[in-house]
2 protein chains.
Amino acid sequence: MTVSRTKPVRVALLGCGTVGSEVARLLHEQADDLAARVGAPVELAGIAVRRPNRHRDVPADLLTTDVDGLVTDDGVDVVVEVIGGIEPTRTLLLKALSAGRSVVTANKALLAECGAELFAAADASGADLYFEAAVAGAIPLLRPLRESLAGDRITRVMGIVNGTTNYILSAMDATGAAYGETLDEATRLGYAEADPTADVDGYDAASKAAILASLAFHTRVTSADVHREGIAGITAADVAAARALGRTVKLLAICERVTENGEESVSVRVHPAMIPRSHPLAGVGGAFNAVFVEAEAAGQLMFYGQGAGGAPTASAVLGDLVAVARNRVVGGRGPRESAYADLPVRPMGEARTRYHVSLDVADRPGVLAQVAAVFAEHDVSIAAVRQEGRSADASLVIVTHTAPDAALRSTVDKIAGLPIVREVVSVMRVEGAEP
Amino acid sequence: MTVSRTKPVRVALLGCGTVGSEVARLLHEQADDLAARVGAPVELAGIAVRRPNRHRDVPADLLTTDVDGLVTDDGVDVVVEVIGGIEPTRTLLLKALSAGRSVVTANKALLAECGAELFAAADASGADLYFEAAVAGAIPLLRPLRESLAGDRITRVMGIVNGTTNYILSAMDATGAAYGETLDEATRLGYAEADPTADVDGYDAASKAAILASLAFHTRVTSADVHREGIAGITAADVAAARALGRTVKLLAICERVTENGEESVSVRVHPAMIPRSHPLAGVGGAFNAVFVEAEAAGQLMFYGQGAGGAPTASAVLGDLVAVARNRVVGGRGPRESAYADLPVRPMGEARTRYHVSLDVADRPGVLAQVAAVFAEHDVSIAAVRQEGRSADASLVIVTHTAPDAALRSTVDKIAGLPIVREVVSVMRVEGAEP
């Protein structure tokens, strides 16, 4: 194998946890391959960590606690950031980009919150800012959205982008167990973190939705723009109600282009929803991720793979690293951020959704008429009704057609207050084509 | 929307059939979006066709029969080729690349046969040569292989890459009908061409396999290197035998990295195989394409979408066009061909495969012993046997463990000659994990 004698591309690695140590390992093990693909050797200039004595698997002389010094070191060409969090990472990356270092990051929260200033810093100095690993781990998704579909009009991105919640929901579906005990089990097995908030409350998925929507619609969408509902409120009754309808519950990130009265806008949201068991996303189990993309010319596309973990995330980081290193060697630059479309983000109340509502009602004539009247009053049309008598009680299951989310929400609130309604057993949005 | 006042990127379109007319339509309809994404307007300089009077849907002043003149026109920056075939396309593209024009092509046959000289011409002049549309239509697959996974080691690519044969096999599976009548029906419905040879004999899939293997393994693989078997020999009995085993028959393109005795090589082949009905590829029906990619760090990935058709293919062409046009505007260049690994291609006889064999045998004691002895003699180990008596005859179904294809082939030949074997009902390779 011929490796050109070009000046090496020198990499500062910030962080050496699960992902960072895999990046370091692969950089070492695949050095010859990477050099051939980049056109120059790719070398680690240093690894910034908090406690050097905790990292015995990487060469000690590379470790440093002086992260500021490493980022601004003149010998560094590329900064790979796998520390996570907003600060001090934001300040470090702004410093690196301003100094002309290319940056590869897996930091979805930072990008979704402070993406605009990072992109501005990259543009000002002409540096690359790549972040394939920030969404859906090893699945090549951002590059296809940003480049392969650059000649098409993306209309919808819908996917499972958080492995922890998908593991929990898959397990609840399989066992019928309650949310609390399933979360405990997931924590015990290492599928959920000790503090699972970022995952179960949907923050992680919302960051990813913001990044996906920004790329898909050439519009700046931040995490604050994303309507976010987590899975902590999902009950065994919800999961059972879904099952009874031939559906299953998934936490979905949904990014839609909406055209109404000739005006375009985008809707970006993260919430649990029932999808048909026949839907390709229904079969995505455990910690896997999968994302559907719909574009006008391309039609439906699906991307599937491991959404997290050290090695899969490191694969995405290294793919970006090869790209930015190659750009360094040939003197080019990757595609810049593109936010030219600048579409408005619709409030959740205006998103068009479908609802499933499952009620315990008094078993007497006229109940359906009363309930149906409330739907009609809110201009919500009913797609299907199932009524079942059970001694004094009866259950009433309703699935609506699409309507503005606010109208659906008000309908459910009003129905919950009807004297004939003993209990609202389950309310959940419905996605995917009718079964 | 602000469109920069940069000099336009001028495009010569060669061919204006199903794909070409979609490319022309999208270039016109999405002109503003494309200009914003590229950083300069993208304009059609001309469309080369044979019979201008047949193309009423594109502006007449763009049409020309002088394809040579168009390709070498000084005002042309990018050549988009959707004519297909080897000559005169090869000569035209070599001329365009040598003159420094970037080329976007959907021509799998040309790339698989003459890729090396096209890449050499592109390298010599510093032009871009992009070809996402050549494999799996709209599915972003080549860019992920070439760029997203550039930091990983791809070990296997396996997929359904030909829609016509997938339509025919799906229909045979659904109806139990014979190959001939299913092909006739596919032709009538427009899923198969009047001369279906390129599809049903596996030439189209073999070209795509060569392109996939080249990118995945950084090795030059041509269509001549690909072992190719089509679907014309698939019988209703084969499909029924697969069904009885909980499997279905698909035409697969398989590219594998093989390490034996410390030496690496690649195996590239196209042939029908039985896969478990639970395998994700088993559910890919009709004219859809899907490709599994396995890489050491990333693990398993799947890409799914429409593999053919005017609009989907045009989406891939335009994605490439945006990329090469952007490279023109910023003065950079996309990743070059990478064939540094230069791994040897194994002959098919040395590929490790599994076989399913279904026999009609005399129903008397000792039959299995005789048949099993032939397997043992060839060092082929048997994974499963099913024997069923039926009056004077009996059926014997055998699935093997993996063995060199040549050993499996010899075993079957010898078994066919045994006096106790009345008929070899079905022989087919088996792929996918054991059910």
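Reading guide: rules and limits
Residues numbered from 1 in each chain as written. Chains lettered and ligands numbered in written order. Predicted model: local features only at pLDDT ≥ 70, side-chain atom pairs only at ≥ 80, totals over all residues. Heavy atoms only, no water. Least-squares fit on C-alpha atoms with pLDDT ≥ 70 in both. Contact = heavy atoms within 4.5 Å. Domains from an automatic or database assignment. Buried area = accessible area lost by both parts, 1.4 Å probe. Salt bridge = Lys/Arg side-chain N within 4 Å of Asp/Glu carboxyl O. Polar contact = N/O pair within 3.5 Å; in protein donor to acceptor, adjacent residues only side chain to side chain. UniProt positions renumbered as here; feature names shortened; annotations may be inferred. Helix = DSSP H or I, 4+ residues; strand = E, 2+ residues; numbered from the N terminus. Buried < 20%, exposed > 50% of the residue type's maximum accessible area, 1.4 Å probe, protein only. Disulfide = S-S within 2.5 Å. Phe/Tyr/Trp six-rings, centres within 6.5 Å; stacked < 30°, edge-to-face > 60°. Lys NZ or Arg CZ within 6 Å of the ring centre and 35° of its normal.

1. What to know about the relation of the copies chain A and chain B
Next, step 1: The operation relating chain A to chain B is a screw motion whose rotation component is 180°, with 0.0 Å of axial translation and a residual RMSD of 0.0 Å. What the rotation and shift describe, once combined, is the action of a two-fold rotation axis.
Next, step 2: Comparing interface residues between copies, 100% of those in chain A also lie at the interface in chain B; the contact surface is shared.

2. Remarks on the domain arrangement of chain A
Residue and element names in this part refer to chain A.
Next, step 1: Under the domain assignment, chain A is made up of domain 1 (9-137 + 311-330), domain 2 (156-306) and domain 3 (348-430).
Next, step 2: Taken over C-alpha atoms, the centre of domain 2 sits 24 Å from the centre of domain 3.
Next, step 3: Each partner contributes to the interface: domain 2 provides 17 residues, whereas domain 3 provides 15 residues.
Next, step 4: The three residues of domain 2 that bury the most area against domain 3 are Leu245, Arg269 and Met274, which together make up 33% of that side's buried surface.
Next, step 5: Counting across the domain 2 and domain 3 interface gives one salt bridge.
Next, step 6: Residue glutamate 229 is joined to arginine 429 by a salt bridge in which the shortest nitrogen-to-oxygen separation is 2.9 Å.
Next, step 7: For the pair domain 2 and domain 3, the number of links is three residue pairs in polar contact (both at pLDDT 80 or more).

3. So, the UniProt feature "binding site: NADP(+)" (unreviewed entry) in chain A
Residues and elements named next belong to chain A.
Next, step 1: Summarizing the sequence annotation, UniProt attributes the feature "binding site: NADP(+)" (unreviewed entry) to Leu14, Gly15, Cys16, Gly17, Thr18, Val19, Gly20 and Ser21 in the numbering used throughout.
Next, step 2: Along the chain, valine 19 falls in helix H1 (residues 18-29).
Next, step 3: Valine 19 gets classed as buried once you look at its relative accessible area, which sits at 17%.
Next, step 4: Non-local contacts of valine 19, meaning those with residues more than four positions away in its chain, are made with Val82, Gly309, Gly310, Thr313, Ala314 and Val317.
Next, step 5: Mapping glycine 20 onto the fold places it in helix H1.
Next, step 6: Note on glycine 20: relative accessible area 0%, which makes it buried.
Next, step 7: Non-local contacts of glycine 20, meaning those with residues more than four positions away in its chain, are made with Leu13, Gly15 and Val82.

4. Some words on the state of the cysteines
All names here are of chain B.
Next, step 1: All told, the structure shown has zero disulfides over all chains when counted by the stated rule.
Next, step 2: Considering cysteine sulfurs only, cysteine 255 is the nearest to cysteine 114, which forms no disulfide, with 19 Å between them.
Next, step 3: Overall, the relative accessible area of 10% leaves cysteine 114 in the buried class.

5. Structural notes on the packing of aromatic side chains
Residues and elements named next belong to chain A.
Next, step 1: Counted by the stated rule, this structure contains seven aromatic pairs over all chains.
Next, step 2: When the ring of phenylalanine 288 is compared with that of tyrosine 304, the centres are 5.2 Å apart and the planes differ by 5°; the resulting orientation is stacked. Placement of phenylalanine 288 in strand E11 (residues 288-295) and of tyrosine 304 in strand E12 (residues 299-306) is noted, with a sequence separation of 16 residues between them.
Next, step 3: Owing to a relative accessible area of 18%, tyrosine 304 belongs among the buried residues under this scheme.
Next, step 4: The positively charged end of arginine 146 is found above the aromatic ring belonging to tyrosine 130, 5.4 Å away from the centroid.

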